[in-house]
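Topology and contacts: notes
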Amino acid sequence: MKELAIRVENVSKEYRLGAIGGATLKGEIQSKLARLRKKEDPNLKIGEKVHGKNERFLALDDLSFDVEKGETIGILGHNGAGKSTILKLICRVTAPTKGNIYMNGRITSMLEVGTGFHPELTGRENVYLNGAILGMTKAEIDKKFDEIVEFSEVGQFIDTPVKRYSSGMKVKLAFSVASHLDSEIMIMDEVLAVGDVNFQNKCIARMKQVAEKEGRTILYVSHNMATVKSLCSRCIVLSAGKKIFEGSTEEAIAIYMKNDEFDNATFFDTSEAKRHPKCNKRHLLQNLQLLETETNKIEYGKKVPFRICWNSENDSERLRMKMVVNGIDATPVGVVFGGDLAHKKGMNSADYLLDTSYFVPGKYTVDMILYDEDDAGNVMFYDRTTVLRFTLEHSDESVKLKHWFKDWGNAVLPCVTKITEDK
Amino acid sequence: MAQQNWTTIVKSGNSAFDMDIKGLAKCKDLILLLVRRTFVAKYKQTVLGPAWAVIQPFFTTVVYSVFFGNIAGLGATGVPNFIFYLSGTIVWTLFAHCLTETSHTFTGNAGILGKVYFPRLVMPISTAISQYIAFFIQFAFMLCFMAYYLITDAGLAPNLLILMTPVILIQLAVLGMGFGMIISSLTTKYRDLAMVVGFGVSLWSYCSPVAYDMFSRSQLAPGSAIYYIYMLNPVTPAINLFRNAYLGCGEVDWLFYGISWVTTIAVAFIGALMFSKSEKTFMDTV
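Re the overall build of chain B
For chain B, the count of helices and strands is 13 helices and 1 strand. Reading the secondary structure of chain B in the N-to-C direction produces β-α-α-α-α-α-α-α-α-α-α-α-α-α. Taking 19 Å as the expected radius of gyration for a compact globule of 286 residues, we find that chain B reaches 21 Å, a close match to that expectation. Across the 286 residues that make up chain B, the buried fraction comes to 43%. Once local pairs closer than 6 in sequence are excluded, the contacts in chain B between residues at least 24 apart make up 80%.

Considering the overall build of chain A
When its secondary structure is counted, chain A shows 8 helices and 18 strands. Burial status across chain A gives 37% buried among its 423 residues. Long-range pairs, those at least 24 residues apart, make up 72% of the contacts in chain A between residues at least 6 apart in sequence.

What to know about the sheet that holds strand β13 (residues 303-312) of chain A
Residue and element names in this part refer to chain A. Spatial strand order, β10-β11-β13-β16: 4 strands in an open sheet with antiparallel pairing. Unpaired on one side and paired on the other, β10 (267-269) and β16 (346-355) mark the two borders of the sheet. Averaged over all pairs of adjacent strands, the angle between strand axes in this sheet comes to 20 degrees, irrespective of strand direction. As paired elements, β13 and β16 share 10 bridges and run antiparallel to each other. In the strand pairing of β16, Val304 is matched with Leu354.

What to know about the sheet that holds strand β1 (residues 8-11) of chain B
Strand order in the open sheet made by the 4 strands is β2(A)-β1(A)-β4(A)-β1(B), with antiparallel pairing throughout. Of all strands in the sheet, those with a lone pairing partner are β2 (56-68) of chain A together with β1 of chain B, marking the two edges. Each strand of the sheet is rotated relative to its neighbour by a mean of 15 degrees, with strand direction disregarded. Both strand β1 (residues 4-16) of chain A and strand β4 (residues 98-103) of chain A contribute to a ladder of 5 bridges, which runs antiparallel. When the sheet's bridge partners are listed, A:Val8 is paired in β4(A) with A:Ile101.

As for helix α9 (residues 192-206) of chain B
With 15 residues, α9(B) extends 22 Å between its outermost C-alpha atoms, agreeing within 8% with the 21 Å of an ideal straight helix rising 1.5 Å per residue. B:Gly198 marks where α9(B) bends most, by close to 35 degrees.

A short note on the confidence of the model for chain B
Any residue range with low pLDDT should be treated as having predicted coordinates unsuitable for detailed reading. Overall, the prediction assigns chain B a mean pLDDT of 86, with 95% of residues at 70 or greater. Overall fold confidence (pTM) sits at 0.70, and the ipTM for the predicted complex is 0.79.

Comments concerning the packing of helix α8 (residues 165-187) of chain B against helix α12 (residues 254-278) of chain B
Residue and element names in this part refer to chain B. The contact between α8 and α12 brings their axes to 7 Å, and the two run at 35 degrees. Pair α8 / α12 crosses with left-handed handedness. On the side of α8, the interface is formed by Gln171, Val174, Leu175, Met177, Gly178, Phe179, Met181, Ile182, Ser184 and Ser185, while α12 contributes Trp261, Thr264, Val267, Ala268, Ile270, Gly271, Ala272, Met274, Phe275 and Ser278. Split by residue class, the contact of α8 with α12 holds 13 nonpolar, 7 polar and no charged.

Here's the deal with the confidence of the model for chain A
Per-residue pLDDT for chain A averages 80, and the proportion of residues at 70 or more is 84%. Under a pLDDT of 50 for its full length, residues 47-54 of chain A has, in the predicted model, 3 contacts with residues more than four places off or in other chains.

Some details on unusual backbone geometry
All names here are of chain A. The phi angle at Arg92 is positive, at roughly 65 degrees, despite the residue not being glycine. Relative to the elements of secondary structure, Arg92 occurs in the loop between α2 (83-90) and β4. On the basis of neighbour count, Arg92 is assigned to the partly exposed category, with 19 C-beta atoms found within 10 Å. The phi torsion at Ala240 lies on the positive side, around 50 degrees, for a residue other than glycine. Summarising the element assignment, Ala240 is placed in the loop between β8 (234-239) and β9 (242-247).

Observations regarding the environment of A:Phe268
Residues and elements named next belong to chain A. Relative to the elements of secondary structure, Phe268 occurs in strand β10. According to the C-beta neighbour criterion, Phe268 is buried, with 21 such atoms within 10 Å. With residues up to four places along the chain from it excluded, the contact list for Phe268 reads Asn287, Leu288, Val387 and Leu388.

Quick look at the nonpolar core
Membership of the largest hydrophobic core comes to 139 residues, with the highest contact counts inside it found for A:Ile90, A:Ile187 and B:Phe95. By residue number, the principal contributor to this core is helix α4 (residues 81-103) of chain B, which donates 13 residues. In contact with A:Ile90, other than residues within four places in its own chain, are A:Ile6, A:Ile101, A:Ile107, A:Ile187 and A:Leu219. Ranked by size, the runner-up nonpolar core spans 23 residues in total, among them A:Leu288, A:Ile298, A:Val333 and A:Leu392.

Digging into the pairing of strand β7 (residues 217-221) of chain A
Residues and elements named next belong to chain A. The buried count for β7 comes to 5 of 5 residues, which makes it a mostly enclosed element. Burial of the side chains of β7 extends over both faces: Thr217, Leu219 and Val221 are buried on one face and Ile218 and Tyr220 on the other. Sheet topology note: the strand β3 (residues 72-76)/β7 ladder contains 4 bridges and is parallel. Bridged to Ile73 within β7 is Leu219.

Topic: the pairing of strand β17 (residues 362-373) of chain A
Along any regular strand, the residues point their side chains to alternate faces of the sheet. Residues and elements named next belong to chain A. Pairing between strand β14 (residues 320-326) and β17: 7 bridges, direction antiparallel. Bridging from a neighbouring strand, Arg320 pairs with Tyr371 of β17. In this sheet, strand β18 (residues 379-393) lies alongside β17 in antiparallel orientation, the contact comprising 12 bridges. Counterpart to Ile369 in the pairing with β18 is Arg384. Between the end of β17 and the start of β18, which pair antiparallel, lie 5 residues, with Gly377 showing a positive phi angle near 90 degrees.

Description of α8(B)
Since one α-helical turn is 3.6 residues long, residues separated by three or four positions face the same way. Look at α8(B): 32 Å from first C-alpha to last across 23 residues, which is about the 33 Å you get at 1.5 Å a residue. Within α8(B), 18 of the 23 residues are buried, which leaves the element mostly enclosed by the surrounding structure.

Looking at the environment of B:Val210
All names here are of chain B. Take Val210: it is sitting in the loop between α9 and α10 (225-230). C-beta crowding within 10 Å serves as the criterion here: with 23 such atoms nearby, Val210 is assigned to the buried category. In sequence terms Val210 and Gly248 are 38 residues apart; their C-alpha atoms lie 16 Å from each other. The contacts of Val210, once residues within four sequence positions are left out, are Gly88, Thr89, Trp92, Ser205 and Ile239.

Quick look at the packing of helix α3 (residues 123-133) of chain A against helix α4 (residues 138-152) of chain A
All names here are of chain A. Taken N-terminus to C-terminus, the directions of α3 and α4 make an angle of 125 degrees; their axes are 10 Å apart at the nearest point. Classified by the angle their axes make, α3 and α4 are oblique. Taken as a pair, α3 and α4 cross one another with a handedness that is right-handed. For the pair α3 and α4, contact is made by Val127, Tyr128 and Gly131 and by Lys138, Ile141, Phe145 and Ile148, respectively. Grouping the amino acids of the contact of α3 with α4 by side-chain chemistry returns 5 nonpolar, 1 polar and 1 charged.

Some words on the environment of B:Thr105
All names here are of chain B. Locating Thr105 in the fold gives a position in helix α5 (residues 105-108). The exposure class assigned to Thr105 is buried, which follows from the 28 C-beta atoms found within 10 Å. With 19 residues separating them along the chain, Thr105 and Pro124 place their C-alpha atoms 6.8 Å apart. Setting aside residues no more than four positions away along its own chain, Thr105 makes contact with Met123, Pro124 and Ser184.

Rules used in this analysis
Residues numbered from 1 in each chain as written. Chains lettered and ligands numbered in written order. Predicted model: local features only at pLDDT ≥ 70, side-chain atom pairs only at ≥ 80, totals over all residues. Helix = DSSP H or I, 4+ residues; strand = E, 2+ residues; numbered from the N terminus. Rg over C-alpha atoms; globule rule 2.2 N^0.38 Å. Buried ≥ 20, exposed ≤ 12 C-beta atoms within 10 Å, placed from the backbone. Contact = placed C-beta atoms within 7 Å. Pairing = 2+ DSSP bridges. Axes fitted to C-alpha atoms, helices over the stretch in contact; angles between N-to-C directions. Expected span 1.5 Å × (residues − 1). Bend = angle between axes of the 7 residues up to and from the residue. pLDDT = per-residue confidence, 0-100. Left-handed = near helix turned anticlockwise from the far one by under 90°. Nonpolar A, V, L, I, M, F, W, Y, C, P; charged D, E, K, R; others polar. Core = buried A, V, L, I, M, F, W, Y, C linked by C-beta atoms within 7 Å. Parallel < 35°, antiparallel > 145°, perpendicular 65-115°, else oblique.

Laid out in structure tokens, this is it:
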């Protein structure tokens with residue numbers, strides 16, 4: 001059993017809904033008095049129940065988990081799932097309603113960037129102030145100061161008031177301070193949402209270094225699945241204050257993205273599926289069927305035929321098809337133009353061939369779009385919905401590669417061919 | 001499972017007696033840096049800089065001397081009006097600023113406090129220390145005028161009570177912080193109090209012998225009916241003691257000075273309890 005850094009034990013956090021208290025002292029006293037005398041609260045709005053249970057909201061509901069020392073753990077969940085609440089409890093910004101949290105080591109939180117930056121102070125002064133707020137002593141900051149400034153890339157401006165910094169510069173400086181702290185546990189919430197790409201990569205590299213080489217524990221919350229994937233060794237998925245999954249990052253992301261239905265289906269009924277709101281639904285996709293395969297797990301490089309069926313209200317309009325292929329983190333991989341669809345009024349079908357050699361092995365979803373565009377370039381959307389999920393697997397025979405690397409992206413591009421001269 | 005050592009345990013519920021004194025001791029550098037921040041940020045981009053700390057009480061004193069001292073005739077007996085008002089103003093300012101600045105602790109710093117944990121008492125303490133710095137600048141300014149009046153033999157009689165200076169200064173800051181912490185804790189829920197602070201403090205100054213000499217008023221002089229109520233104001237005996245020590249004017253009523261200390265300790269105690277009770281969950285309501 002490894003040493004633990006954090007143990008969260010049956011933690012609940014309750015918030016009161018609506019305005020808290022009577023919002024004024026007088027209102028509060030009136031309500032309190034009324035409750036004492038068992039009379040109706042004069043400050044209740046008409047129809048409101050007298051302090052019923054529905055006034056309470058459980059942001060966290062009996063949550064428990066352990067984090068091992070040196071682990072980088074991601075916390076995933078949709079807005080309102082309780083991610084930020086649990087981080088707030090762990091860094092002691094607010095107290096849990098029930099349950100206990102045990103921690104081993106100092107904690108640095110980077111819940112939002114620039115915590116405690118004072119606009120009037122210079123970068124140098126703010127590094128010291130911010131470091132102290134995050135729990136460092138002056139001597140510790142002295143020791144790390146040069147390292148912090150060098151990492152932040154704002155050395156030239158270190159004696160300029162922070163109010164004249166660009167937002168990117170502030171973020172860089174804030175991240176540098178926080179990531180150079182000697183704390184055992186780091187908490188990060190969406191910190192990498194700002195800053196340019198180079199700096200984001202640098203941050204991720206730094207965090208990896210922090211986690212792997214320095215043995216620190218990181219709790220990471222982000223909606224950016226790419227960074228979660230490259231950073232976290234394990235993830236917890238929260239939903240409505242409860243833990244719904246704890247385990248490998250890949251699976252957690254799939255659950256978070258609601259892509260847990262990577263079943264073995266080859267027939268996808270889309271007649272009842274959710275549509276893109278801009279569609280006028282004059283031509284509606286009914287289903288998609290993968291042919292010549294028994295599952296939607298497809299071997300890399302295989303060409304898979306599939307058939308789409310759609311319902312048309314008329315036969316007078318021109319109809320075109322395109323597909324957007326999305327990766328597991330919902331980032332589009334690319335678009336495929338399917339050309340014109342011949343159709344008559346009523347049910348129609350068409351067969352296509354999907355060449356999987358353009359995709360890196362992994363899980364994908366495909367959105368299909370029925371549309372038309374006139375000569376002026378105006379687009380008419382008939383339908384857009386997710387029609388297909390598939391998993392692309394690879395074996396060593398089909399590709400002469402043992403590993404696909406995450407940072408290769410999701411597409412295999414056929415755009416370079418060797419020029420051979422006949423001589 | 002192996003024996004696990006925990007350095008921090010966060011428990012549910014918020015007991016008021018659960019103060020993080022140990023953590024506070026570790027925050028020495030943070031307190032100093034916050035003091036520096038307050039001070040540096042206040043005078044950044046001003047031409048006169050810390051001179052403003054002196055200019056404000058100087059003009060207040062001039063206005064008091066002209067309007068209350070000369071026109072209304074509420075001035076001091078035996079000592080020059082100017083030094084009388086200056087001494088009262090700087091002592092009052094120390095108290096009033098400790099109170100108002102502390103009362104903004106939770107609402108004004110919600111940004112920082114909502115993101116990182118450090119013992120929340122760091123905030124009021126650093127506020128008080130920065131008020132002391134401003135006070136000592138003003139105090140030095142007052143000593144210059146005292147020297148002038150002593151040379152010109154204007155009736156000043158500084159005495160050994162000067163040794164009480166640290167006691168007075170600590171009392172005023174603690175009292176201001178105490179009230180400030182009570183208000184700060186309550187304003188996390190009830191913003192009404194934030195409205196009261198501004199004019200409440202200025203009304204309070206008129207209930208204290210800042211802009212007039214209580215001993216030259218027969219209505220307020222010792223023995224009068226209102227005197228016993230008036231002296232319950234914890235700031236009054238402290239101001240009287242300060243003036244008596246440096247200027248030699250007025251009287252010191254040790255009984256009421258003792259009562260004022262009792263009030264101070266009570267207020268500070270209640271303030272600290274309320275503060276530590278609300279610090280854990282104030283982010284949910286602020």
